[in-house]
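Chain residues, written in single-letter form:
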Amino acid sequence: MLKIGIVGLAQVGKTTLFQILTRAHGAGLGSAKPEAHVGVVRVPDARLERLAEMYKPEKTVHATIEYVDTAGSVIALARTGVQSQNLREMNALLHVVRAFEDEAVPAEGGAVDPRRDIENVELELILSDLAVVEKRLERLEKDIKKQKNPALEKEHQVLQRCKAALEKQTALRELELKPEEELAIRGFTFFTIKPVLYVLNLGEKDAARANAAEEFGAQSGWKQRPRTAVSAVCGKVEAELAELGDADAAEFLASYGLKESAVARLIRAGYHLLGLISFFTVGEDECRAWTVRAGTTALEAAGEIHSDIQRGFIRAEAVKFEDLVAAGSLAEARTRAQLKLEGKEYVIADGEVVHFRHSG
Ligand SMILES: Nc1nc2c(ncn2[C@@H]2O[C@H](COP(=O)(O)OP(=O)(O)O)[C@@H](O)[C@H]2O)c(=O)[nH]1
Ligand SMILES: [Mg+2]
């Protein structure tokens with residue numbers, strides 16, 4: 001399963017956000033605990049809910065992502081052995097940035113300044129990656145002298161580019177790497193090549209500023225960067241919200257001038273940032289969202305469900321979610337010629353409902 005690491009400076013609201021995300025309130029999740037906390041989060045999807053209304057299945061299965069809460073400051077983590085190794089295993093980073101004022105909670109680095117915090121953390125991660133690159137280059141240069149090896153030379157060439165970028169304080173996610181170049185350095189699991197979602201943790205008085213993230217992202221220029229997204233929540237409001245029933249929640253949101261919880265949007269932003277899409281399978285036993293990378297073929301998608309279905313693959317029948325809902329059933333969608341018969345190489349689109357015909 002794909003993992004998103006929740007990182008940031010100390011006391012910015014990482015654990016608060018983790019608890020909101022996983023709904024695991026209290027119970028030993030204090031920010032003083034040194035070990036990381038792991039939780040599986042369902043990706044909210046109104047389309048899946050709609051399909052479940054249609055089919056009334058025994059089971060509805062959402063797509064999931066794993067979130068890992070990290071303790072303390074990411075600057076300290078990046079500097080220490082085992083901790084930094086754990087961080088390197090993350091598929092993406094959710095960087096919580098403090099934007100709330102609260103005298104009772106001291107801010108690392110003094111006054112609240114989201115931009116400065118992002119820059120400081122980014123610089124630290126850039127320096128960590130640079131140290132890894134330099135060490136590897138030193139080793140490579142010795143090896144290349146001893147024997148000619150095209151793979152090592154390729155790696156050397158890509159790492160030189162990485163080094164040049166990092167020395168200019170540019171994150172590696174900004175480099176345009178060809179797939180084979182990316183492959184050559186994948187093993188290093190660099191921090192700054194990971195997709196990053198900046199989450200502004202807003203104060204209560206800013207909770208209703210729905211476009212806070214947009215504004216901040218545009219002003220700072222971060223939003224336009226590759227594999228980078230900016231989002232905003234108010235940790236305090238969301239934490240209280242998570243404790244309420246539906247009716248109270250609506251009233252509570254309204255009192256802050258909000259329409260909906262920001263958390264669903266946040267989870268979806270993380271999902272898309274990872275380059276993931278969902279396709280659905282439907283039936284009276286189960287309606288389910290399956291997670292695949294954008295660009296996945298029908299044959300690969302079949303393998304996600306079961307190796308037998310992949311092995312015996314005959315055809316994929318695919319229908320757009322909207323068309324299926326409008327038709328009311330797969331049979332009617334077929335009559336309307338909206339159910340397309342596709343082969344192994346067909347690229348699955350986000351939101352398609354797919355039925356695999358297979359032998360055996
Ligand atoms: N006022 C305010 N306090 C918050 C907010 N989010 C978190 N906090 C408080 O800030 C402190 C640190 O939060 P925590 O989630 O433990 O931060 P962590 O160190 O990054 O894990 C706690 O006392 C939280 O109650 C927020 O949105 N507003
Ligand atoms: Mg914490």
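> Quick rundown of the overall build of the chain? Include the residues and the values.
Along its length, the chain carries 15 helices and 12 strands. A compact globule built from 360 residues should have a C-alpha radius of gyration of about 21 Å, and the chain, at 23 Å, falls within 12% of that. Overall size of the chain, expressed as C-alpha extent along the three principal axes, is 65 × 60 × 40 Å. Sorting the 360 residues of the chain into buried and exposed places 47% on the buried side. Of the accessible surface of the chain, which amounts to about 18100 Å², a share of 50% is contributed by carbon and sulfur atoms.

> Run through the site of ligand 1, naming residues and quoting values.
Neighbouring residues of ligand 1: 17 residues in total, closest Gln-11, Lys-14, Thr-15, Thr-16 and Asn-201. A distance of 3.1 Å separates a nitrogen atom of ligand 1 from a polar side-chain atom of Asp-102. Within the complex, the protein chains bury 83% of what would otherwise be the 580 Å² of accessible surface of ligand 1. Secondary structure elements with two or more residues in the shell around ligand 1: α1 (14–22) and α9 (235–241). It is α1 that contributes the most residues to the shell around ligand 1, three residues altogether. Grouping the constituent residues of the shell around ligand 1 by class yields six nonpolar, seven polar and four charged.

> Tell me about helix α10 (residues 246–255), and name the residues and values.
Looking at α10, one finds that the buried residues are Ala-249, Phe-252 and Leu-253. Projected down its long axis, α10 shows its buried positions confined to an angular sector of 100°, all on one face. In this structure, α10 carries Ala-247, Glu-251, Ala-254 and Ser-255 as exposed residues pointing more than 90 degrees from its buried face. Those residues of α10 that are buried lie in contact with α9.

> Could you give an account of the confidence of the model for the chain, with specific residues and numbers?
Summarising the model, the chain shows a mean pLDDT of 89, and 96% of its residues fall at 70 or more. Per-residue pLDDT, averaged within each element of the chain, yields its smallest value for helix α8 (residues 212–220) (83) and its largest for strand β10 (residues 313–320) (97). This stretch, residues 24–34, has a pLDDT under 50; its non-local contacts, to residues over four places away or in other chains, come to 19 contacts.

> So what about the pattern of salt bridges? Which residues, and what values?
Following the criterion strictly, the structure yields 23 salt bridges and no others. Its salt-bridge partner being Arg-173, residue Glu-122 comes within 3.2 Å of it at the nearest N-O pair. With a gap of 51 residues between them, Glu-122 in helix α5 (residues 114–146) and Arg-173 in the loop between α6 (150–167) and α7 (179–185) connect regions that are remote in the sequence. Assigned by exposure class, Glu-122 and Arg-173 land together as buried. A salt bridge links Asp-308 to Arg-311, with the shortest nitrogen-to-oxygen separation between them at 3.2 Å.

> Let's hear about the sheet that holds strand β1 (residues 3–7): which residues, and what values?
A sheet is described by the order of its strands in space; here six strands give the open sequence β2-β4-β1-β5-β6-β7, paired in mixed fashion. A strand with exactly one partner marks an edge of an open sheet, and here the two such strands are β2 (37–42) and β7 (228–233). Neighbouring strand axes in the sheet, compared pairwise and without regard to direction, differ in orientation by 25° on average.

> Please give an account of the pairing of strand β4 (residues 64–69) that cites residues and values.
Counting buried residues in β4 gives five out of six residues, a clear majority hidden from the surface. Of the pairings in the sheet, the one linking β1 to β4 comprises four bridges and is parallel in character. Looking at the pairing, Lys-3 lines up with Glu-66 of β4.

Thresholds, definitions, all that
- In this numbering scheme, every chain counts its residues from 1 along its sequence in written order.
- Here chains are named by letter from A upward and ligands by number from 1 upward, in the order in which they appear as written.
- Only residues with pLDDT of at least 70 are given local features in this predicted model, and only at 80 or more are side-chain atom pairs given and counted; all residues enter the totals for whole chains, interfaces and linings.
- To obtain the side-chain values, all non-hydrogen atoms of the structure were included, while hydrogens and water were left out.
- For the purposes of this entry, the term helix denotes a DSSP run of H or I that reaches at least four residues, the term strand denotes a run of E that reaches at least two, and both are numbered from the N terminus.
- Based on C-alpha atoms, the radius of gyration is set beside the globule rule, defined as 2.2 Å times the residue count to the power 0.38.
- Throughout, exposure labels follow a simple rule: accessible area from a 1.4 Å probe, protein chains only, divided by the maximum for the residue type, with under 20% read as buried, over 50% as exposed, and the rest as partly exposed.
- We get accessible surface area from the Shrake-Rupley algorithm with a probe of 1.4 Å; when it comes to residues, only the shown protein chains can shield them.
- Note on definitions. A residue lies near a molecule or strand when any single heavy atom of the residue is within 4 Å of it.
- Within 3.5 Å is the distance limit for a polar contact, defined as a pair of N or O atoms, with the added protein rule that one can donate a hydrogen and the other accept it, and that residues adjacent in sequence qualify only through two side-chain atoms.
- When residue character is reported, Ala, Val, Leu, Ile, Met, Phe, Trp, Tyr, Cys and Pro are called nonpolar, Asp, Glu, Lys and Arg charged, and the others, Gly included, polar.
- The directions from the helix axis to the C-beta atoms are what the arc is built from.
- Every residue pair with non-hydrogen atoms within 4.5 Å of one another is taken to be in contact.
- Within a predicted model, pLDDT stands for the predictor's per-residue confidence, ranging from 0 to 100.
- Throughout this description, the term salt bridge denotes a Lys or Arg side-chain nitrogen within 4 Å of a carboxyl oxygen of Asp or Glu.
- A pair of strands is considered paired only if DSSP assigns at least 2 bridges between the two.
- Each axis is a line fitted through C-alpha atoms, taken for helices only over the stretch in contact, and angles between the N-to-C directions span 0 to 180 degrees.

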